[in-house]
Amino acid sequence: MAGSKEIRTKIKSVENTRKITRAMEMVAAAKMRKAQERMRAARPYAEKIRNVAAHLSRANPEYKHAFLVKRESIQNVGVIVVTSDKGLCGGLNTNVLRLAISRMKSWEGEGKGIVVCPIGNKGFSFMNRMGANVKSHLTGLGDTPHIEKLIGAVKIMLDAYVAGEIDAIHLSYNHFINTMKQEPRMEQLLPLSDDKLGGANGNWDYIYEPDAKPVIDELLVRYIESLVYQSVVENMASEQSSRMVAMKAASDNAKSVIGELKLVYNKARQAAITKEISEIVGGAAAV
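Given the structure is predicted, the values throughout are model-derived calculations rather than measurements.

(A) Structural view of the nonpolar core. With 44 residues, the main nonpolar core has Ile 119, Ile 169 and Ile 224 as its most contacted residues. When neighbours within four sequence positions are excluded, Ile 119 is seen to be in contact with Ile 80, Val 81, Val 82, Thr 83, Leu 138, Leu 141, Leu 150, Val 228 and Val 232. By size, the runner-up hydrophobic cluster in this structure holds 13 residues, among which are Val 79, Val 96, Ala 100 and Met 186.

(B) Representation of the pattern of salt bridges in the model. Scanning the model with the defined rule gives 13 salt bridges in all. When the shortest N-O distance is used, the salt bridge between Glu 25 and Arg 22 registers 3.4 Å. One end of the pair, Glu 25, and the other, Arg 22, are both in helix H1 (residues 4-59), three residues apart, so they sit about a helical turn from each other. Judged by relative accessible area, Glu 25 falls into the buried class, the value being 12%. Salt bridges here are not isolated pairs; linked through shared partners, they connect Glu 218, Arg 222 and Glu 225.

(C) Focus on helix H2 (residues 92-109). Over its 18 residues, H2 runs 26 Å from end to end, which matches the ideal 26 Å to within 8%, given 1.5 Å per residue. Inspection of H2 places Leu 92, Asn 93, Val 96, Leu 97, Ala 100, Ile 101, Met 104 and Trp 107 among the buried residues, and these make up the whole buried set. In a view along the axis of H2, the buried residues occupy a sector of 135 degrees, so they form one face of it. In H2, the exposed residues that point more than 90 degrees away from the buried face are Arg 98, Lys 105 and Gly 109. Among the structural elements, strand S1 (76-82), strand S2 (113-119), helix H3 (121-130), strand S3 (168-178), strand S4 (181-190) and helix H6 (212-286) are those in contact with the buried residues of H2.

(D) Local environment of the packing of helix H4 (residues 147-162) against H6. Where H4 meets H6, the closest approach of the two axes is 10 Å, and the angle between their N-to-C directions is 120 degrees. Relative to H6, the element H4 lies oblique. For the pair H4 and H6, the sense of crossing is right-handed. Where H4 approaches H6, its residues Ile 147, Leu 150, Ile 151, Val 154 and Leu 158 are matched on the opposing element by Val 221, Ile 224, Glu 225, Ser 226, Val 228, Tyr 229 and Val 232. For the contact of H4 with H6, a count of residues per class yields ten nonpolar, one polar and one charged.

(E) Focus on the packing of aromatic side chains. Applying the stated criterion across every chain, the model contains one aromatic pair. One cation-aromatic arrangement involves Arg 71 over Tyr 161; the distance from NZ or CZ to the ring centre is 4.2 Å.

Quick notes on the rules
- Residues numbered from 1 in each chain as written.
- Predicted model: local features only at pLDDT ≥ 70, side-chain atom pairs only at ≥ 80, totals over all residues.
- Heavy atoms only, no water.
- Core = buried A, V, L, I, M, F, W, Y, C linked by side-chain atoms within 4.5 Å.
- Buried < 20%, exposed > 50% of the residue type's maximum accessible area, 1.4 Å probe, protein only.
- Contact = heavy atoms within 4.5 Å.
- Salt bridge = Lys/Arg side-chain N within 4 Å of Asp/Glu carboxyl O.
- Helix = DSSP H or I, 4+ residues; strand = E, 2+ residues; numbered from the N terminus.
- Expected span 1.5 Å × (residues − 1).
- Arc of directions from axis to C-beta.
- Axes fitted to C-alpha atoms, helices over the stretch in contact; angles between N-to-C directions.
- Parallel < 35°, antiparallel > 145°, perpendicular 65-115°, else oblique.
- Left-handed = near helix turned anticlockwise from the far one by under 90°.
- Nonpolar A, V, L, I, M, F, W, Y, C, P; charged D, E, K, R; others polar.
- Phe/Tyr/Trp six-rings, centres within 6.5 Å; stacked < 30°, edge-to-face > 60°.
- Lys NZ or Arg CZ within 6 Å of the ring centre and 35° of its normal.

In short, shape yes, function no, at least from these values alone.
Structure follows, in structure tokens:
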């Protein structure tokens, strides 16, 4: 059995660890509320621009944007993977990376080329270790993402799609359901499908100024950027929720460990006291 001093040192160490995990839990809870507010605030815009994009895709049949045209054969696939910059958030990053790698291996088995755009330091580091073909990347988004920072990395992928270097682009991220549940998802970003655009029924048309082509070109690019931004804020809300839950579990485990160590310490102390009493009684009997 370990000595009393060694056990006291372990207890102190675990108590210090528990203080850190408790503090991280409280910080994550505060950030989680802000991240959820940011995510919910972005949803109405994403929904509205989705409807407008759906209407425009059917309003001007004589002009088809490149994002709406399905390629006859898929030779190269682009994957945008959204992860967090920091760890200590449970299996959040592991789940979304496992989903992305599973799909990428499936495409590679079909003989398709894969290019990757990781958003977040964890995904960027993982893809580099895997030896993936990283087309562009973005790290250091901070706690408040701005769409201006996302445009550069996303535009490289969009330009490659328009140039024919990529035949399809998929987006992988963690979808926020509630505080206890986040679901890894992979959705087709390009070409835009009817399912993604939604069911816009009826005949729609708009007055274009100056011309339909530049308006639709600009709007669809903004639409793609809004989808990526929405995935990033969803992933950040998931990250803070997952980190809060993980730190709470760590704090609870530390409390259990402290209780077990104190029990071992008391047993060791009691054994030492009993031994001393036995030695005193034995010495007195010998005299």
